[in-house]
Amino acid sequence: MSAEVEVLHPGLFTSIQDGGRYGFMKYGVPVSGAMDSFSSKMANLLLNNPEDASVMEVTQMGPKVRFSAATAIAITGAVLSPEVNGKPVENNHVIDINPGDVLQFGRRILGCRAYLAVRGGFQTPKVLKSRSFYEGITSVYRLVKGMKLPYDAEASGELVNSYAAIKQGEHLSAVKVEVLPGPEFDRLISSEAEKLKNSEFTLSKYSDRMGFQLSEVFPNNLEAILTSPVLPGTVQLTPSGKLIVLMRDGQTTGGYPRILQLTERGINIIAQRIPGEKFQFGIKNEVLS
Amino acid sequence: MRYFPEIKPLGERGILIDFQPEISEQLLEKLLRLKIFLQKELLKEKVEVINTFSSLLINYPLAIEDVYNEVLKVKTLVEKANIHNKTEQQIFQIPVCYEEAFALDLELISQQKKISKEEIIRLHSAPIYTVYFIGFLPGFLYLGGLDKKLQFPRKEQPRMRVEKGAVGIGKNQTGIYPKTSPGGWQIIGNSPVPLFDKNKIPPCEISPGDKLKFYAIDLEEHERIQKEVDDGIFKFKNELYVG
């Protein structure tokens, strides 16, 4: 049976994301996928979905949506005061949904991005093997009012344990963003490297799914590099001293020195920060080759 | 003292193989052969191997469990790599309309360089360009081979909107915008050919190692090809390249 989530209000920036558009980087296509991959996996696992099933990524101010058919949902990641038919519901639990139920979000309590999984996953069209929204690849790149997102009302319902619950992800309150040295880290002089480890940085308002620009200026004399591969989590340092953390929709190659590389956990941690928040980098101490 | 290639992790999902930075066809050929070899050897890891001018990146679908061991494995593979199988290359004829309607900055380059517009067009469409890799945006080709006489700085203030198909010059590079986007290159023409089709797998017909040759067309021809593209009946003019 075809079932749909109708978008009554799209929220600040809401999109459908899965495990990512993997395998098309060689054509210049960003990987995309959930910014906080840990939370999106957890939402899916609560519902016995494949862990990379499509979820709704909700940013700071959530949408208002109506379900056409009975299903089960789970919300993880940022705590954005979700309500079903006006009654508060909790993150990290399985929530039963009846036909016509309206889900909306309210005040932001913690984090930046919440993940809404629906039993069986959202069934929006796959383009290049992924349902992740990305401008120019999928027909839309964010939810718009009136849009209808299909899901499968028949999906393996009996397998879901309605009492399943998990703890809030500890990365939501992590103090440090976990990083590894990037390929050009050793071009920094020791005082610069120390400063990078010990300073506080602020997420600027120029922060979206493509990348997070930091507010602080980091003076340096590093030379540009020959255009080279970059990945989500690569931290670039520009000649004018801007630090840019590339995120899931980031470009595939770049010419700025790559001084740090966030770990997967580091990406998930920073994905839960909002512009204006401060953080420190924590270099994961591993001796690698 | 640095020894090349340097093999090192890029976070938990990538391993970089860096050669001495340079832009050369010899290095590109070596990278492409090694890329095919590694892609085959690491088939079961489901990795994607990409190249840029002087690097390969092995991109893993999930975090690598033991990065140290994986780097060692890649080092061993690279050492024993049998990279003598020659890669096949195509040469693509790419139509470009250099007429005023599209060539927003041709006049500027002509005046500053004191080269006639006709000569700029001739110099731009004379070389056989090499596709080094696709990056930055979906379908954006990094080309080598721009005539030194045509090198020109990027715009100080990038345009908010550069049209899809715009052919530009930025420093020592020339390229085609695969989609409408902001951009800082000096625009000298427009090509109607589709560089990226999201509904096709693979979405790009042109691959690293392939060659491009531009040829000048008028507005009418541009419109005709554009219609073929829109109707889904466009076919590239390409053939095996024998260098």
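Residues numbered from 1 in each chain as written. Chains lettered and ligands numbered in written order. Predicted model: local features only at pLDDT ≥ 70, side-chain atom pairs only at ≥ 80, totals over all residues. Heavy atoms only, no water.

Moving on, we come to the overall build of chain B. Within chain B, the secondary structure is distributed over five helices and 14 strands. Expressed as lengths along the three principal axes of its C-alpha atoms, the size of chain B is roughly 55 × 45 × 35 Å. Within chain B, buried positions represent 54% of all 243 residues. Charge centroids of chain B, computed over 34 positive and 34 negative side chains, lie 3 Å from each other. (Helix = DSSP H or I, 4+ residues; strand = E, 2+ residues; numbered from the N terminus. Buried < 20%, exposed > 50% of the residue type's maximum accessible area, 1.4 Å probe, protein only. Lys, Arg positive; Asp, Glu negative; His and termini not counted. Charge placed at Lys NZ, Arg CZ, Asp CG, Glu CD.)

Residue and element names in this part refer to chain A. Taken as a whole, the second largest pocket encloses approximately 940 Å³ of empty space. Where the lining of the second largest pocket is concerned, the elements lending two or more residues are helix H1 (37-46), strand E19 (258-262) and helix H3 (264-271). Residues belonging to the lining of the second largest pocket are distributed by class as follows: 16 nonpolar, 17 polar and 14 charged. (1 Å grid on protein atoms, 1.4 Å probe; cavity = no way out; pocket = protein on both sides within 12 Å on 5 of 7 lines; lining within 4 Å. Points joined across faces, edges and corners; volume = space filled by probe spheres on them. Nonpolar A, V, L, I, M, F, W, Y, C, P; charged D, E, K, R; others polar.)

On to empty space enclosed by the protein. Applying the stated criterion across every chain yields a total of two cavities of 30 Å³ or more. Taken as a whole, the largest cavity encloses approximately 50 Å³ of empty space. Every residue along the wall of the largest cavity is listed here: Met25, Pro30, Val31, Val230, Leu231, Pro232, Leu246, Met247, Gly250, Gln251 and Thr252 of chain A. Grouping the amino acids of the lining of the largest cavity by side-chain chemistry returns eight nonpolar, three polar and no charged. Of the domains in this structure, domain 1 (3-170) and domain 2 (174-283) of chain A are the two that each give at least three residues to the lining of the largest cavity. The computed volume of the second largest cavity comes to approximately 40 Å³. Every residue lining the second largest cavity is listed: Met25 and Lys26 of chain A together with Lys35, Ile50, Asn51, Phe133, Ile134 and Pro208 of chain B. Residue assignment for the lining of the second largest cavity shows that the elements contributing at least two residues are strand E3 (48-51) and strand E6 (129-134) of chain B. (Domains from an automatic or database assignment.)

When the UniProt feature table is mapped to this numbering, "transmembrane region" (unreviewed entry) covers residues 126-145 of chain B. Each end of residues 126-145 of chain B is marked by a C-alpha atom, and these two atoms are 10 Å apart; helix forms 0% of the span and strand 50%. (UniProt positions renumbered as here; feature names shortened; annotations may be inferred.)

All names here are of chain A. Reading across the sheet, the five strands line up as E2-E3-E10-E5-E8 and stay open at both edges, with antiparallel pairing between neighbours. Looking at strand neighbours, the two that pair on one side only are strand E2 (14-17) and strand E8 (94-97), the edges of this open sheet. On average, each strand axis in the sheet is inclined to that of its neighbour by 30°, with strand direction left out of account. Here four bridges tie strand E5 (residues 71-79) to E8, and the two strands are oriented antiparallel to one another. Looking across to E8, one finds that Ile73 is bridged to Ile95. Across the sheet, H1 lies against strand E3 (55-59), E5, E8 and strand E10 (110-118), angled at about 155° from E5, the strand it touches most. (Pairing = 2+ DSSP bridges. Axes fitted to C-alpha atoms, helices over the stretch in contact; angles between N-to-C directions. Contact = heavy atoms within 4.5 Å.)

The next thing to look at is helix H5 (residues 219-230) of chain B. Residues and elements named next belong to chain B. Spanning 12 residues, H5 covers 16 Å between terminal C-alpha atoms, matching the ideal 16 Å at 1.5 Å per step. Among all positions of H5, only His222, Ile225 and Val229 are buried. Seen along its axis, H5 keeps its buried residues to an arc of 70°; they face one direction. Set apart from the buried face of H5 by more than 90 degrees, the exposed residues are Glu220, Glu223, Lys227 and Asp230. Elements that come into contact with the buried residues of H5 comprise strand E5 (90-97), strand E12 (186-190) and strand E13 (211-217). Gly232 sits one or two residues past H5 and shows a positive phi near 75°. (Expected span 1.5 Å × (residues − 1). Arc of directions from axis to C-beta.)

To continue, consider the interface of chain A and chain B. Facing 36 residues of chain A, the contacting portion of chain B comprises 45 residues. Of all residues in chain A, the largest losses of buried area upon contact with chain B belong to Tyr22, Tyr27 and Leu226 of chain A, amounting jointly to 20% of the total for that side. Applying the counting rule to chain A against chain B returns three salt bridges. With a closest N to O distance of 3.6 Å, Arg13 of chain B and Glu264 of chain A form a salt bridge. If you look at where chain A meets chain B, you find 13 residue pairs in polar contact (both at pLDDT 80 or more). Those elements that provide at least two residues to the side of chain A that touches chain B are strand E15 (228-229), E19 and H3 of chain A. Broken down by class, the residue content of the side of chain A that touches chain B amounts to 16 nonpolar, 12 polar and eight charged. (Buried area = accessible area lost by both parts, 1.4 Å probe. Salt bridge = Lys/Arg side-chain N within 4 Å of Asp/Glu carboxyl O. Polar contact = N/O pair within 3.5 Å; in protein donor to acceptor, adjacent residues only side chain to side chain.)

Residues and elements named next belong to chain A. As for its placement among the helices and strands, Ile16 is situated in strand E2. Take Ile16: its relative accessible area is 0%, and that puts it in the buried class. Sequence spacing of Ile16 and Asn198 is 182 residues, and the spatial spacing of their C-alpha atoms is 36 Å. Beyond its immediate stretch of four places on either side in the chain, Ile16 contacts Ser54, Val55, Met56, Phe122, Thr124, Arg131, Ser132, Phe133, Leu143 and Leu149.

Residues and elements named next belong to chain B. What the four strands build is an open sheet, ordered E1-E2-E4-E3; its pairing is antiparallel. In the strand order of this sheet, the two ends are held by strand E1 (6-10) and E3, each with one partner. In this sheet, neighbouring strand axes are inclined to one another by 20° on average, regardless of whether the strands run parallel or antiparallel. Here E1 runs beside strand E2 (residues 14-18); their pairing, made up of five bridges, is antiparallel. Note on E2: the bridge partner recorded for Leu10 is Gly14. In the packing of helix H1 (residues 25-41) onto the sheet, the strands contacted are E2, E3 and strand E4 (55-59), and the crossing angle to E3 comes to about 180°.

Let us look at the domain arrangement of chain B. All names here are of chain B. Parsing chain B into structural domains produces domain 1 (6-80) and domain 2 (90-240). Each of domain 1 and domain 2 was reduced to a C-alpha centroid, and the two centroids are 30 Å apart. Each side of the interface is counted separately: domain 1 has nine residues, and domain 2 has nine residues. Of the roughly 750 Å² buried between domain 1 and domain 2 on both sides combined, carbon and sulfur atoms contribute 69%. Looking only at domain 1, the three residues that lose the most surface to domain 2 are Glu25, Leu28 and Phe53, adding up to 58% of its buried area.

So, about unusual backbone geometry. Negative phi characterises most residues that are not glycine, and trans characterises most peptide bonds. Omega for the peptide link from Phe4 of chain B to Pro5 of chain B comes to -5°, which places this bond in the cis form. Between Ile201 of chain B and the following residue, Pro202 of chain B, the backbone shows a cis peptide bond with an omega angle of 0°. Even without being a glycine, Ser81 of chain A presents a positive backbone phi close to 50°. Within the secondary structure layout, Ser81 of chain A lies in the loop between E5 and strand E6 (83-84).

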